[in-house]
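Structure at a glance
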Amino acid sequence: MFVLDKKEMMIQTLGKFVDMVSKELPDDVMAKLKELRVQEEQPLAKAIYDVMFENMDKAKKLSRPTCQDTGVIQYFVRTGAKFPYLGQLREILKEATILATKSAPLRLNAVEVFDEVNTGTNVGTDIPYITWEIVDDSTTVEIEVYQAGGGCSLPGRSIVLPPLAGYEGAMQFVFDTVVNWGINACPPLIVGIGIGTCSNSSALLSKKAMLRPVGTSHPHPKAAEMERTIEKGLNDIGLGPQGISGKNSVMAVHIEGMAHHPSVLGVGVTIGCWANRHGVIRFDEHMNYEIVSHKGVSL
Ligand code: SF4
């Protein structure tokens, strides 16, 4: 009998997982969209939510992506130092991306830099984008995949503020960003904010914040209060679903922070759209897997 080796098993499983993530939103996003849908009173806003849910229903039934823009594939790897396939993981993630691109199918979104030629595989220089975090010395790995669409990536930006700007300056930057650009990202939005020192550390933290499960708060009371304040302020603007106006603008506002240089405050903003296609899967060294983000889904 033909038996797949462990590397090939992981490629096949991950490929199916990336395919599934393009077609089914994670549990936290689904729950929040349902909650926001019932709050709408304006007929047009209600109709937009109805279309979103019909779209999601059909995506699942017909096995088609939730949105035509299936994004650039990004992986956030949180691994134990003793996961035995660590050295092969980059190759595994690339192969899984190519597999899902064919099976889903995913839109071809990797354009080779400078040459401006589409690679036709969703793989190119540093694409899929991978960030690595060694979290402990276990033999397991947790992989989060995110499908970064063009419209929702568009508002992303970071800035390094002078010392006197303070947290008020950070909030001003977030509001300016969302008010000026958020409508391009198909609301209701998930707003991720990163507080650090430089542009790259705050930008990376803002992506981490955007991917945090909807419904969670930062454990620090001041950060949690800032999240609530910004969320209320953005909802008061009333972007509504797809920006046609309505009760809410956002699904969530999440902040992540790190100790920073005393002279500056780096602020990053990453926006996620209503079709927030991300998922988390955990593997052990035997290639047993658990899907964390989508309960009851089998591959
Ligand atoms: S912002 Fe999101 S829902 Fe809108 S087109 Fe882009 S990927 Fe699709």
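Note: the structure precedes this text.
Below you will find a few notes about this structure. (Residues numbered from 1 in each chain as written. Predicted model: local features only at pLDDT ≥ 70, side-chain atom pairs only at ≥ 80, totals over all residues. Heavy atoms only, no water.)

**Some points on the state of the cysteines**
In total, this model carries zero disulfides according to the counting rule given. A disulfide-free cysteine, C152 has its sulfur positioned 3.9 Å from the sulfur of C273, the nearest such atom. (Disulfide = S-S within 2.5 Å.)

**Remarks on the pairing of strand β9 (residues 265-272)**
Of all eight residues that make up β9, eight are buried, and the element is covered over most of its length. Alternating positions in β9 separate into two faces, L265, V267, V269 and I271 on one and G266, G268, T270 and G272 on the other, with burial throughout. Of the pairings in the sheet, the one linking strand β6 (residues 157-161) to β9 comprises five bridges and is antiparallel in character. When the sheet's bridge partners are listed, L161 is paired in β9 with L265. With seven bridges joining them, strand β7 (residues 189-196) and β9 adopt antiparallel strand pairing. By the bridge assignment for β9, G192 is matched with T270. (Buried < 20%, exposed > 50% of the residue type's maximum accessible area, 1.4 Å probe, protein only. Helix = DSSP H or I, 4+ residues; strand = E, 2+ residues; numbered from the N terminus. Pairing = 2+ DSSP bridges.)

**Overview of the nonpolar core**
If you look at the biggest cluster of nonpolar residues, it comprises 42 residues, and the most contacted ones within it are L33, L189, V191, I193, I230 and W274. In contact with I230, not counting residues within four places along its chain, are M171, V174, F175, I193, V253 and I255. In terms of nonpolar packing, the next biggest core, distinct from the first, is built from 27 residues, I11, A96, F283 and M287 among them. (Core = buried A, V, L, I, M, F, W, Y, C linked by side-chain atoms within 4.5 Å. Contact = heavy atoms within 4.5 Å.)

**Considerations on the pattern of salt bridges**
With the rule as written, the count across this model stands at 16 salt bridges. Here D69 ties to R107 by a salt bridge, and the two come within 3.5 Å at their closest N and O atoms. Of this pair, D69 sits in the loop between α3 (43-62) and β1 (72-80) while R107 sits in the loop between α4 (89-103) and β2 (111-112), and the two are 38 residues apart along the sequence. Taking the relative accessible area as the measure of exposure, D69 reaches 11% and is therefore buried. For D137, the salt bridge identified is with K82, shortest N-O distance 3.6 Å. Note that D137 is positioned in the loop between β4 (129-136) and β5 (141-148) and K82 in the loop between β1 and α4, a separation of 55 residues in sequence. Pair check on accessibility: D137 and K82 agree, each one exposed. (Salt bridge = Lys/Arg side-chain N within 4 Å of Asp/Glu carboxyl O.)

**A closer look at the site of the ligand**
Close to the ligand lie C67, Q68, D69, G151, C152, A185, C186, C273, W274, A275 and R277, which account for all nearby residues. When grouped by side-chain class, the residues that make up the shell around the ligand number seven nonpolar, two polar and two charged. When residues of the shell around the ligand are assigned to domains, at least three map to each of domain 1 (6-22 + 66-149 + 277-291) and domain 2 (152-272). (Near = heavy atom within 4 Å. Nonpolar A, V, L, I, M, F, W, Y, C, P; charged D, E, K, R; others polar. Domains from an automatic or database assignment.)

**Describing the sheet that holds β5**
Across the sheet, which stays open at both edges, the five strands sit in the order β4-β1-β5-β10-β11 with mixed pairing between neighbours. Across the chains shown, the open sheet's two edge strands, defined by having one partner strand only, are β4 and β11 (289-291). Each adjacent strand pair in this sheet contributes to an overall mean axis angle of 20°, direction not counted. Pairing of β5 with strand β10 (residues 278-283), which is carried by six bridges, proceeds in the antiparallel orientation. Bridging from a neighbouring strand, Y146 pairs with H278 of β10. Of the strands in this sheet, β1, β4, β5 and β10 touch helix α7 (residues 199-211), which is tilted by about 95° from β5. (Axes fitted to C-alpha atoms, helices over the stretch in contact; angles between N-to-C directions.)

**So, the packing of helix α1 (residues 6-21) against α4**
As a packed pair, α1 and α4 sit with axes 8 Å apart at the nearest point and diverge in direction by 45°. As summarised for this structure, α1 and α4 are arranged oblique, according to the angle between their axes. Seen along the crossing, α1 lies across α4 with a hand that is right-handed. On α4, the residues that touch K7, M10, I11, Q12, L14, G15, V18 and D19 of α1 are L89, E91, I92, L93, E95, A96, L99, A100 and S103. (Parallel < 35°, antiparallel > 145°, perpendicular 65-115°, else oblique. Left-handed = near helix turned anticlockwise from the far one by under 90°.)

In short, the description is geometric, and any link to function would need to be established separately.
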